[in-house]
Amino acid sequence: MPVIEVEQLHKRYGERTAVADVSFSVEEGEIFGILGPNGAGKTTTVECVSGLRRADGGRLRVLGLDPIEDRARVVADLGVQLQHSALPPNLRVGEALRLFSSFYEHPADWRELLDVLGLGPQAGTRFGKLSGGQQQRLSIALALIGNPRVAILDELTTGLDPAARRDTWELIESVRARGVTILLVTHFMAEAERLCDRVAVIDTGRVVALDTPGELTARLEVQQRIRFVPSAPIEDGLLADLPEVESVTRRGDEVLVVGGADALAAVAARLARAGVLAHRLRVEQPSLDDAFLAITERAVTERAVTQRGENR
Ligand SMILES: Nc1ncnc2c1ncn2[C@@H]1O[C@H](COP(=O)(O)OP(=O)(O)OP(=O)(O)O)[C@@H](O)[C@H]1O
């Protein structure tokens, strides 16, 4: 049974549709990412999943339970870290964790959690005196204090410097290693590529792609770009007539070959047969960034075409 099930979720704020039609499911032990441009409906989606907002349509289940109707049972197993967690500035770190742990029947050991999160020395520090990164870590600690089976993390590393971001990623991996299923909203492709087993790309309230980060990039029509300096002069035609190659251009000594996913193997084989070495070889592969842009741009174009059709 999936741990989180979202079927045709729909949510409006007055006249504005924030989530038009979102469906996905998250399996036990997965880190599932939700990616999308600003205002796509990501936060609204996870707020509905966590029972903080009532959906206007669709079906939601967390561990088989309705997040609103079965709220008391759901919160016992669900940890939520939201984008703007605010605590009273005078509350000390240790006090906050002790207070939050009292809400749960089987809380985690908050002192151990502080150490794991590198906040041990800050136990006596007031919330208002913590740095942005420390506040973020505290909000993660609060999401994990109830020993949840499922954690929802919204914009986990926004505002963190690269080193703190990497530390947080390691922390999330260790949380998952303990068997916690994680739903993660993120703006960072590198974060999704590093952490997520699968990713749903949401755009204007709809899922426009759902796959592993690797498959999302592999499906892309973005081409491989291969650059090298040949050890001996070669004719453009040597590579240009390969079916995998689209174009061959030169800048000074350097040759740039653009082609499909199999271009590198074909170029390497042809050069080897000609007895030519490829010096300073570089291959630019499409990244999840490229995939994200291609997917969301495609969604915008398709919507414009549909709307034009509807307006006729
Ligand atoms: N409380 C609210 N009242 C009215 N409209 C809202 C409210 N919260 C969000 N919206 C609107 O709903 C849409 C979806 O917002 P949401 O915050 O879910 O998107 P998001 O993908 O999380 O965006 P971001 O990446 O900027 O956080 C946006 O157009 C937003 O302006």
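Residues numbered from 1 in each chain as written. Predicted model: local features only at pLDDT ≥ 70, side-chain atom pairs only at ≥ 80, totals over all residues.

Asker: Please explain the overall build of the chain as it appears in this structure.
Answerer: In terms of regular secondary structure, the chain is built from 11 helices and 13 strands. If you line up the chain on its principal axes, its C-alpha atoms span 75 × 60 × 35 Å. Within the span of the chain, comprising 312 residues, buried residues form 37% of the whole. Nonlocal contacts in the chain, meaning residues at least 24 apart in sequence, comprise 69% of its contacts between residues at least 6 apart. (Helix = DSSP H or I, 4+ residues; strand = E, 2+ residues; numbered from the N terminus. Buried ≥ 20, exposed ≤ 12 C-beta atoms within 10 Å, placed from the backbone. Contact = placed C-beta atoms within 7 Å.)

Asker: What am I meant to see in the pairing of strand 9 (residues 206–211) here?
Answerer: Within a regular strand, side chains alternate between the sheet's two faces. Pairing between strand 8 (residues 198–203) and strand 9: five bridges, direction antiparallel. Across the sheet, residue Ala 200 finds its bridge partner in strand 9, namely Leu 210. Between the antiparallel neighbours strand 8 and strand 9 lie two residues, among them Thr 204 with a positive phi of about 40 degrees. (Pairing = 2+ DSSP bridges.)

Asker: Is there a simple way to think about unusual backbone geometry in this case?
Answerer: Glycine aside, residues mostly have negative phi angles, and peptide bonds mostly take the trans form. One non-glycine residue with positive phi stands out, namely Gln 8, at about 50 degrees. Turning to its location among the elements, Gln 8 is positioned in strand 1 (residues 4–13). One non-glycine residue with positive phi stands out, namely Thr 204, at about 40 degrees. Inspection of the secondary structure puts Thr 204 in the loop between strand 8 and strand 9.

Asker: Help me understand the site of the ligand in this model?
Answerer: Surveying the vicinity of the ligand reveals the residues Tyr 13, Arg 16, Ala 18, Gly 36, Asn 38, Gly 39, Ala 40, Gly 41, Lys 42, Thr 43 and Thr 44. Within the residue set of the shell around the ligand, elements represented by two or more residues are strand 2 (16–26) and helix 1 (42–49). It is helix 1 that contributes the most residues to the shell around the ligand, three residues altogether. In terms of residue class, the shell around the ligand is built from three nonpolar, six polar and two charged. (Near = placed C-beta within 6 Å. Nonpolar A, V, L, I, M, F, W, Y, C, P; charged D, E, K, R; others polar.)

Asker: What is the right way to look at the domain arrangement of the chain in this model?
Answerer: Interfaces are often sized by the amount of accessible area the parts lose when they come together. Taken as a whole, the chain is organised into domain 1 (4–212) and domain 2 (224–284). If you average the C-alpha positions of domain 1 and of domain 2, the two centres end up 46 Å apart. (Domains from an automatic or database assignment.)

Asker: I would appreciate a short explanation of the nonpolar core in the present structure.
Answerer: Inside soluble globular proteins, nonpolar side chains tend to come together where they are buried. Of all hydrophobic cores here, the largest spans 69 residues; its most connected members are Val 49, Ala 141, Ala 151, Ile 182, Leu 183, Leu 184 and Val 201. When residues in this core are grouped by element, the largest group, six residues, is from helix 5 (residues 132–144). Dropping the residues within four chain positions of it, Ala 151 is found in contact with Gly 79, Ala 143, Leu 144, Val 175, Val 180 and Ile 182. Judged by nonpolar contacts, the second largest core, of 10 residues, contains Ile 226, Val 255, Val 257 and Leu 271. (Core = buried A, V, L, I, M, F, W, Y, C linked by C-beta atoms within 7 Å.)

Asker: Just checking my understanding: could you explain the sheet that holds strand 11 (residues 245–251) for this structure?
Answerer: Strand-to-strand pairing in sheets goes through backbone hydrogen bonds, with the strands running parallel or antiparallel. Across the sheet, which stays open at both edges, the four strands sit in the order 11-12-10-13 with antiparallel pairing between neighbours. The sheet is open, and its two edges are formed by strand 11 and strand 13 (278–284), each paired on a single side. Taken pair by pair, the neighbouring strands of this sheet meet at an average axis angle of 20 degrees, ignoring direction. (Axes fitted to C-alpha atoms, helices over the stretch in contact; angles between N-to-C directions.)

Asker: Mind showing me how you'd approach helix 3 (residues 93–101) here?
Answerer: Residues that lie three or four places apart on an α-helix share one face, since the helix turns once every 3.6 residues. Residues Val 93, Ala 96 and Leu 97 constitute the buried set of helix 3. Looking straight down helix 3, one finds its buried side chains confined to an arc of 95 degrees; they lie on one side. At its buried positions, helix 3 is contacted by helix 4 (110–116) and helix 5. (Arc of directions from axis to C-beta.)

Asker: Is there a simple way to think about helix 10 (residues 263–273) in this case?
Answerer: Regarding helix 10, the residues found buried are Ala 263, Val 267 and Leu 271. Buried residues of helix 10, viewed axially, fall in a sector of 55 degrees; they line one side. Summarising the geometry of helix 10, the exposed residues directed more than 90 degrees from the buried face are Ala 265, Ala 269, Ala 272 and Arg 273. Tucked into the core, helix 10 has its buried residues touching strand 10 (224–230), helix 9 (236–240), strand 11, strand 12 (254–259) and strand 13. Just past helix 10, the residue Gly 275 takes up positive phi, approximately 70 degrees.

Asker: Just checking my understanding: could you explain the packing of helix 3 against helix 5 for this structure?
Answerer: For any two helices packed against each other, the geometry comes down to the angle between their axes and how far apart the axes lie. Relative to each other, helix 3 and helix 5 sit at 20 degrees, their axes nearing to 9 Å. Relative to helix 5, the element helix 3 lies roughly parallel. Considering only the axes of helix 3 and helix 5, their crossing is right-handed. Residues Val 93, Ala 96, Leu 97 and Phe 100 of helix 3 form the contact with helix 5, whose participating residues are Leu 138, Ala 141 and Leu 142. Taken together, the residues that form the contact of helix 3 with helix 5 break down as seven nonpolar, no polar and no charged. (Parallel < 35°, antiparallel > 145°, perpendicular 65-115°, else oblique. Left-handed = near helix turned anticlockwise from the far one by under 90°.)

Asker: Could you clarify how one ought to interpret the environment of Gly 124 in this entry?
Answerer: Examined against the element boundaries, Gly 124 turns out to sit in the loop between helix 4 and helix 5. The exposure class assigned to Gly 124 is exposed, which follows from the 9 C-beta atoms found within 10 Å. Between the alpha carbons of Gly 124 and Leu 91 there is a distance of 9.2 Å; along the sequence they are 33 residues apart. Leaving out residues up to four positions away in the same chain, Gly 124 has contacts with Arg 92 and Gly 94.

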